[in-house]
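The chain contents come next:
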There are 2 protein chains.
Amino acid sequence: MLEELKIVRQLEKLFPVGRDVLTGIGDDCAVLSVGGKILLAAADQVIENIHFTPETSPVAAGKKLLLRNVSDIAAMGGAPRWAILTVAVNGRDEQYVLDFCRGVAEAAALFDVSVIGGDTASLPAKGVVATLTILGEAPPTGAVTRSGAKPGDYLYVTGRIGNSFLSGRHLDFMPRVAEGRFLAEHHLASAMLDVSDGLLLDAARLAKASQVDLLIEPEKVPLHADACAPQAWSDGEDYELIFTSPEKLEKLEDEALVPVSCWGRCVSGSGRLLDRDGKPFQSERLGYEH
Amino acid sequence: MLEELKIVRQLEKLFPVGRDVLTGIGDDCAVLSVGGKILLAAADQVIENIHFTPETSPVAAGKKLLLRNVSDIAAMGGAPRWAILTVAVNGRDEQYVLDFCRGVAEAAALFDVSVIGGDTASLPAKGVVATLTILGEAPPTGAVTRSGAKPGDYLYVTGRIGNSFLSGRHLDFMPRVAEGRFLAEHHLASAMLDVSDGLLLDAARLAKASQVDLLIEPEKVPLHADACAPQAWSDGEDYELIFTSPEKLEKLEDEALVPVSCWGRCVSGSGRLLDRDGKPFQSERLGYEH
């Protein structure tokens, strides 16, 4: 529907920000300076028939809402702390809302997130629309934005991707909080974001924000057993981390953490995806804007 | 639809909070300790055909969303600072969304609020659902909650009330930020909340949270010229401040501020509204839960 990047650019103009806002609209999180701390803030929605189906259990839908917000904090290298929840429903009973909230609470407990407030309301027609705003703390080394990639940096992605929606993984995944924090604290990530709308589309966003071109070899990215390329490169909702690093990595040093795959290199440019021959990368579709 | 108080009580049990959460679910704002600051956080929604009509201009609807959130910060005596916005639409074009956001931006500018992030999404059916999370700073004297009223305190409300929806005032009002802050900083408010769902219903919430009974004389509350009692006492969306004070006030001392009306007194009790004879206050309806 709305072209996200285009509208985000217009919104940036609409919404001037104060000096205590270190990063505003357009990254995974906004970055604020508050009382000696660096705070992160982001909001995401889950909508019935868009982000989950009428058959999805309310517990699973609530869990997804919390987890996808936590993933935005992970993408900055931060630690999630507090959440504010709104739920608007029609045609569902109170038990549905409580079960949805229980899903949020269960996922919040995994990350020591306190759900501190919110609002419930009625929708005029049957459906469920829920939003969550997450607040977190940046790592002591500073938040990792999308815009710090430099020519020469290597391009990575954590874990495996593909077929998240059909497999049900979009409802039950572990946001890469520990991995994002490890990368940030060891200065291993010059730019980072999470894969929400598709590997290629999100990589292109990093490239645009950093004003570099990316020479990519997406066939080097491991897929889940039930996923196929090239579809997997634009499926989205993988909630893995795409990051660039000045260093060549095989895996993250902490053995508890997942492997990372190098699937490209940053070169001077203006935000394009290029194939290994330096020609514009050909793809039917980059990703999916929900 | 959902009984707000009942569901809020269940949610309080679902959502345990960390020690840095000074006030959680159930007040106008959550209160957080962050670094050396006390932060306030609240979220509210506006939904087409619930909080505004299809004829309402998107600018006005956006403005209302920001203002009603600012009113929650005012109700704690705080200063609004940052906002995170989500908009989900179907059957509206990009210009509608931009106009809605312009309304948010115009209202934000009135209060020096920075809109720092958010999300846009599609709804599966025609409509508009928007939410805003507001963050603010508590006054140096501490946030004023709903629960601090003591027997002997006087009950006040700022300004005039009634007929907010039909008159259009629900779309264009000035949240009582300066008044709330003045009351907090001069220790004139022992408990406070804003009138969102109706004078009587919101007063009953203050009484329950503070565990006092309120002897009320709502006929002492001035009405707008186009409003009638007793309807005005339950109309809601007045966005005036109800507060209790240990002191007898005629008006707020600063001449720039609005008159306040004393319309009751706190006595020992358990959260009931009583008439001047101490009998349960008789009312067809206390208010409206949106």
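Everything numeric here is computed off the predicted structure, so don't read it as measured data.

*Asks:* Tell me about the packing of helix α2 (residues 58–74) of chain A against helix α3 (residues 94–110) of chain A, residues and numbers included.
*Replies:* Residues and elements named next belong to chain A. The contact between α2 and α3 brings their axes to 7 Å, and the two run at 45°. Accordingly, the angle class assigned to the pair α2 and α3 is oblique. The hand of the α2/α3 crossing is right-handed. Where α2 abuts α3, its residues Pro58, Val59, Ala61, Gly62, Lys63, Leu65, Leu66 and Leu67 lie against Tyr96, Asp99, Phe100, Arg102, Gly103, Val104, Glu106, Ala107 and Ala108. When its residues are assigned to classes, the contact of α2 with α3 shows 11 nonpolar, two polar and four charged.

*Asks:* Mind laying out the relation of the copies chain B and chain A, listing which residues take part and the relevant values?
*Replies:* Once chain B is rotated about the relating axis by 180° and shifted along it by 0.0 Å, it coincides with chain A to within an RMSD of 0.1 Å. The two molecules are tied by a two-fold rotation axis, judged by turn and shift. Minimal C-alpha separation from the rotation axis in chain B is found for Gly35(B), amounting to 2.7 Å. Taken together, the interface assignments show that 95% of the residues at the interface of chain B recur at the interface of chain A, consistent with an identical surface on both copies.

*Asks:* Lay out the domain arrangement of chain A with the relevant residues and their values.
*Replies:* Interface size is commonly expressed as the accessible area that is lost once the parts come together. Residue and element names in this part refer to chain A. Here chain A is partitioned into domain 1 (4–137) and domain 2 (154–274). In this structure, domain 1 and domain 2 have C-alpha centres spaced 22 Å apart. Counting from both sides, the interface comprises 26 residues of domain 1 and, opposite them, 21 residues of domain 2. At the boundary of domain 1 with domain 2, total buried surface from both sides reaches about 1,800 Å², with 59% on carbon and sulfur atoms. Glu237 is the salt-bridge partner of Lys64, the closest N and O atoms lying 2.7 Å from each other. Between the two partners, domain 1 and domain 2, sit six residue pairs in polar contact (both at pLDDT 80 or more).

*Asks:* Describe the environment of Gly180(B), with residues and values.
*Replies:* Residues and elements named next belong to chain B. By the secondary structure assignment, Gly180 is in helix α5 (residues 177–185). Measuring from C-alpha to C-alpha, the distance between Gly180 and Phe100 comes to 27 Å, with 80 residues separating the pair along the chain. Beyond its immediate sequence surroundings of up to four residues, Gly180 is in contact with Ala74, Gly77, Met192 and Leu241.

*Asks:* Go over the interface of chain B and chain A, please, and point to the residues and values.
*Replies:* Each partner contributes to the interface: chain B provides 65 residues, whereas chain A provides 62 residues. Roughly 5,300 Å² is buried in total at the junction of chain B and chain A, and carbon and sulfur atoms are behind 69% of that figure. When the buried area of chain B at its contact with chain A is split by residue, Phe15(B), Glu94(B) and Ile116(B) rank highest and sum to 12% of it. Where chain B packs against chain A, one counts two salt bridges.

*Asks:* Give me the lowdown on unusual backbone geometry, citing residues and values where you can.
*Replies:* Residues and elements named next belong to chain A. For the peptide bond that leads from Ala229 to Pro230, omega is 0°, which places it in the cis range. Secondary-structure assignment places Pro230 in the loop between β9 (212–216) and α7 (232–235). If you check the backbone angles, Tyr239 has positive phi at about 55° while not being a glycine. Residue placement: Tyr239 occurs in the loop between α7 and β10 (241–245). For Tyr239, a relative accessible area of 3% puts it in the buried group.

Here is what the cut-offs are and how they apply
- Residues numbered from 1 in each chain as written.
- Chains lettered and ligands numbered in written order.
- Predicted model: local features only at pLDDT ≥ 70, side-chain atom pairs only at ≥ 80, totals over all residues.
- Heavy atoms only, no water.
- Axes fitted to C-alpha atoms, helices over the stretch in contact; angles between N-to-C directions.
- Helix = DSSP H or I, 4+ residues; strand = E, 2+ residues; numbered from the N terminus.
- Parallel < 35°, antiparallel > 145°, perpendicular 65-115°, else oblique.
- Left-handed = near helix turned anticlockwise from the far one by under 90°.
- Contact = heavy atoms within 4.5 Å.
- Nonpolar A, V, L, I, M, F, W, Y, C, P; charged D, E, K, R; others polar.
- Least-squares fit on C-alpha atoms with pLDDT ≥ 70 in both.
- Domains from an automatic or database assignment.
- Buried area = accessible area lost by both parts, 1.4 Å probe.
- Salt bridge = Lys/Arg side-chain N within 4 Å of Asp/Glu carboxyl O.
- Polar contact = N/O pair within 3.5 Å; in protein donor to acceptor, adjacent residues only side chain to side chain.
- Buried < 20%, exposed > 50% of the residue type's maximum accessible area, 1.4 Å probe, protein only.

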